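Here's the letter readout for the chains.
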Amino acid sequence: MESRDRVPLAATIPSSCLHEIFRAAEVRERETGTEVVKLHVGDPYFDPPAEVADALHAAIRRGDTKYTSVEGVLELREALVEKLSMENGLDTAVSRVFVTPGSAQGLTALLRSIVEPGAEILLPELHWPVHLQQSLFAGFRPVFYPLGPGFRPDPEAVLAAGTPRTRVLLLNSPANPTGVVLDADTVHRLLEIAREQGWQVISDEAYEHYVYEGEHTSVAALERDVPVAQRIVHSVYSFSKSAAMTGYRLGYVVTADDRTADAMRVVQEAGIIAPSTPVQYAGIAALHARSAIESNAKLVSHNRNELLPPLRDAGLLAELPAGGWYALLDVRKTGLDAETFSSRLLDSKGVAVVPGAGFTLRPTLGDTGRVLSLDSAPWARSLIRIAFCGSPELLDIGVKRILDFVRDLAAE
Ligand SMILES: Cc1ncc(COP(=O)(O)O)c(C=O)c1O
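What counts, and where the lines are drawn
- Residues numbered from 1 in each chain as written.
- Predicted model: local features only at pLDDT ≥ 70, side-chain atom pairs only at ≥ 80, totals over all residues.
- Heavy atoms only, no water.
- Helix = DSSP H or I, 4+ residues; strand = E, 2+ residues; numbered from the N terminus.
- Rg over C-alpha atoms; globule rule 2.2 N^0.38 Å.
- Buried < 20%, exposed > 50% of the residue type's maximum accessible area, 1.4 Å probe, protein only.
- Contact = heavy atoms within 4.5 Å.
- Axes fitted to C-alpha atoms, helices over the stretch in contact; angles between N-to-C directions.
- Left-handed = near helix turned anticlockwise from the far one by under 90°.
- UniProt positions renumbered as here; feature names shortened; annotations may be inferred.
- Pairing = 2+ DSSP bridges.
- Domains from an automatic or database assignment.
- Buried area = accessible area lost by both parts, 1.4 Å probe.
- Salt bridge = Lys/Arg side-chain N within 4 Å of Asp/Glu carboxyl O.
- Polar contact = N/O pair within 3.5 Å; in protein donor to acceptor, adjacent residues only side chain to side chain.
- Near = heavy atom within 4 Å.
- Areas by Shrake-Rupley, 256 points an atom, 1.4 Å probe, with all protein chains shown as cover.
- 1 Å grid on protein atoms, 1.4 Å probe; cavity = no way out; pocket = protein on both sides within 12 Å on 5 of 7 lines; lining within 4 Å.
- Sits in = over half its atoms within 2 Å of the grid points.
- Nonpolar A, V, L, I, M, F, W, Y, C, P; charged D, E, K, R; others polar.

Trainee: For this particular structure, what's the right way to read the overall build of the chain?
Mentor: Regarding its fold elements, the chain presents 14 helices and 14 strands. Here the C-alpha radius of gyration of the chain, 21 Å, is about what a compact globule of 412 residues would show, namely 22 Å. Projected onto its principal axes, the C-alpha coordinates of the chain cover approximately 65 × 55 × 50 Å. By the burial criterion, 58% of the 412 residues in the chain qualify as buried. Looking at the chain alone, contacts between residues at least 24 apart form 75% of all its contacts between residues at least 6 apart.

Trainee: When you look at the packing of helix α2 (residues 50-62) against helix α10 (residues 277-288) in this model, what are you seeing that I'm missing?
Mentor: When two helices pack together, their arrangement is given by the angle between their axes and by how far apart the axes lie. It is at 8 Å that the axes of α2 and α10 come closest, and there the two elements cross at 145°. In this structure, α2 crosses over α10, and the sense of that crossing is right-handed. When α2 is examined against α10, the residues Glu 51, Val 52, Ala 55, Leu 56, Ala 59, Ile 60 and Arg 62 are found in contact with a partner set consisting of Pro 278, Val 279, Tyr 281, Ala 282, Ala 285 and Ala 286.

Trainee: Help me understand the environment of Ala 119, please; the structure alone is not making it clear to me.
Mentor: Structurally, the position occupied by Ala 119 is in the loop between α4 (102-114) and β3 (120-124). The spacing of Ala 119 and Arg 141 is 22 residues in sequence and 6.2 Å in space, taken between C-alpha atoms. Those residues within four positions of Ala 119 in sequence are excluded, and the remaining contacts are Gly 139, Phe 140, Arg 141, Arg 165 and Arg 167.

Trainee: Is there a simple way to explain the UniProt feature "domain: Aminotransferase class I/classII large" (unreviewed entry) in the chain in this structure?
Mentor: Under the UniProt annotation, "domain: Aminotransferase class I/classII large" (unreviewed entry) lies at residues 35-402. Helix makes up 40% of residues 35-402 and strand makes up 17%, while its end C-alpha atoms are separated by 16 Å.

Trainee: Please clarify how the sheet that holds strand β11 (residues 354-355) should be interpreted in this entry.
Mentor: Reading across from one edge, β9-β14-β11 is the order of the three strands in this open sheet, with antiparallel pairing throughout. Both edges of this open sheet fall to β9 (326-330) and β11, since each of them pairs with a single strand only. Pairing geometry for β9 and strand β14 (residues 383-387), over five bridges, is antiparallel. Considered in β14, the bridge of Asp 330 is made with Leu 383.

Trainee: I keep staring at the domain arrangement of the chain and nothing clicks. Help me out?
Mentor: It is common to give the size of an interface as the accessible area lost on bringing the parts into contact. What the domain assignment lists for the chain is domain 1 (3-45 + 291-411) and domain 2 (50-289). Summarising the inter-unit geometry, the C-alpha centres of domain 1 and domain 2 are found 24 Å apart. Taken together, the 42 residues of domain 1 in the interface contact 36 residues of domain 2. Of the roughly 3300 Å² buried where domain 1 meets domain 2, counting both sides, 63% is carbon and sulfur surface. Summed over the three residues of domain 1 that lose the most area to domain 2, namely Ile 293, Ala 322 and Phe 359, the buried surface amounts to 18% of that side. Along the contact surface separating domain 1 from domain 2 lie three salt bridges. Taken together, the links from domain 1 to domain 2 amount to 19 residue pairs in polar contact (both at pLDDT 80 or more). Where the side of domain 1 that touches domain 2 is concerned, the elements lending two or more residues are α1 (17-32), α11 (290-307), β9, β12 (362-365) and β14. Take the side of domain 1 that touches domain 2: its biggest share by element is eight residues, from α11.

Trainee: So what exactly am I meant to see when it comes to the pairing of strand β7 (residues 233-238) here?
Mentor: The side chains of a regular strand alternate between the sheet's two faces. The element β7 is extensively covered by neighbouring structure, given that six of its six residues are classed as buried. Because side chains alternate across β7, one face comprises the buried residues Val 233, Ser 235 and Tyr 237, and the other comprises His 234, Val 236 and Ser 238, equally buried. Pairing of strand β6 (residues 200-204) with β7 involves four bridges; the strand directions are parallel. Across the sheet, residue Ser 203 finds its bridge partner in β7, namely Ser 235.

Trainee: For this particular structure, what's the right way to read the environment of Leu 329?
Mentor: If you trace the backbone, Leu 329 turns up in strand β9. Taking the C-alpha atoms as reference, Leu 329 lies 6.3 Å from Arg 385; in sequence the two are 56 residues apart.

Trainee: Teacher, can you tell me more about unusual backbone geometry here?
Mentor: If a residue is not glycine, its phi is most likely negative; likewise, a peptide bond is most likely trans. A cis amide bond links Ser 173 to the next residue, Pro 174, at an omega of -10°. By the secondary structure assignment, Pro 174 is in the loop between β5 (166-172) and α7 (184-197). Cis geometry marks the peptide bond from Asn 176 to Pro 177; its omega dihedral reads 15°. Looking at the element boundaries, Pro 177 is found in the loop between β5 and α7. Its identity is not glycine, yet Ile 273 carries a phi of approximately 65°, on the positive side. A relative accessible area of 44% places Ile 273 in the partly exposed class.

Trainee: Sorry, what's going on with the side chain of Ser 218 here?
Mentor: Mapping Ser 218 onto the fold places it in the loop between β6 and β7. Overall, Ser 218 belongs to the buried group, its relative accessible area being 4%. Within the structure, Ser 218 has its side chain in polar contact with the side chain of Asn 88 (distance 3.1 Å).

Trainee: Sorry if this is basic, but what is going on with the sheet that holds strand β4 (residues 141-145) here?
Mentor: Adjacent strands of a sheet pair through backbone hydrogen bonds, lying either parallel or antiparallel. Overall, mixed pairing links the seven strands, which are arranged β2-β8-β7-β6-β5-β3-β4 in an open sheet. In the strand order of this sheet, the two ends are held by β2 (97-100) and β4, each with one partner. Adjacent strand axes in the sheet meet at a mean angle of 20° when their direction is disregarded. Bridge count between β5 and β6: five bridges; the pairing is parallel. By the bridge assignment, Leu 171 is partnered in β6 with Ser 203.

Trainee: For this particular structure, what's the right way to read the site of the ligand?
Mentor: Around the ligand, the surrounding shell holds 13 residues, and the nearest of these are Ser 103, Asp 204, Tyr 207, Ser 238 and Ser 240. Take Ala 104: an N or O atom from its main chain is 2.9 Å from an oxygen atom of the ligand. Within the side chain of Ser 238, an N or O atom sits 2.6 Å from an oxygen atom of the ligand. For the ligand, whose accessible area on its own is 400 Å², the fraction buried by protein is 92%. Its atoms largely coinciding with the cavity grid, the ligand occupies the largest pocket. If you list the elements that add at least two residues to the shell around the ligand, you get α4 and α8 (239-242). In terms of residues, the shell around the ligand owes the most to one element, α4, which gives three residues. Counted by class, the shell around the ligand contains four nonpolar, six polar and three charged residues.

What follows is the structure, encoded as structure tokens:
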């Protein structure tokens, strides 16, 4: 075979649907010279607490700019152990806490640390596309568990989706893109199933501070009394959402047990050597800025409560999301599929949203793990995702333009 005919494995992994809409919004801004209302981006309109920038500058001026240990600065990891105990109910130790350049890198490293040849991972059928990419890059074969009414997982359906090759169950609460917050009973049953089946659990808690209904349950808190060597829940957290530090690139992973921590140490050494040193000092400051984190949650909660109800009243949104930064609208009644709806909305009203099918991609894999083909769930082809973490002024304009567009379509 000619070398130009060979396709690298990575080139068969789908790029996320978010990139397409980013590009389309940029093109429109260039062509029209007007700003697009960006409801596709999960980036907040508020800034990190002021102390964060001060701590970053201070670290740089002090000369705290050398490599740290592969797991991160001890002072930050100690503060994280304390935060995890007080806020999340976790019982962990600094030796199992890894500071990572964003939680996305932490997830990638964690998946690489626990993968086995031929292992399957259970992902929700509506998922953050990066979870799928990360699973494929690590070498997992993804299998999708169904979501029930309101996009909530039914533990018995999750159990039924497992196979003898299942090794990992991925949970994400509050969820992107559905906004679902898992209640404690569901988490309890899912953990029981995982334990009985011999699965490990990855709990992505990036949106832990954005809960508007119910309470956030950290899955690993339910096994705080289990001996460390028998624990199965790995947890992943982010500074991006809680402290609005998206561009700092700072997150952390708590491995369930020491064996995984040992593997993670090697993966991180090979991948990053160490997280950015000054940014870790910024993270320590963020952990102390409790009131800023609480007020960030109030700002997004205000957007949800005040600006999303007209979408519900217009029959586009079944219920207000219980958590997170995103709402899934169903545009079926307009007669358009979500792709057409999104591109015409961008063209005619200058509002960018993400069509839902890209959150349901299902690859068919060959024996070597190469993606042979991709499919998406037919029922998701009328869904669009909007982010409600933007400024209330722009969100208000965006929502009004969506409603105008739906009215225009009805009049056509
Ligand atoms: C569910 C989920 N997990 C993790 C992340 C990654 O966040 P970061 O890498 O900025 O910590 C995101 C970002 O959008 C997300 O939606």
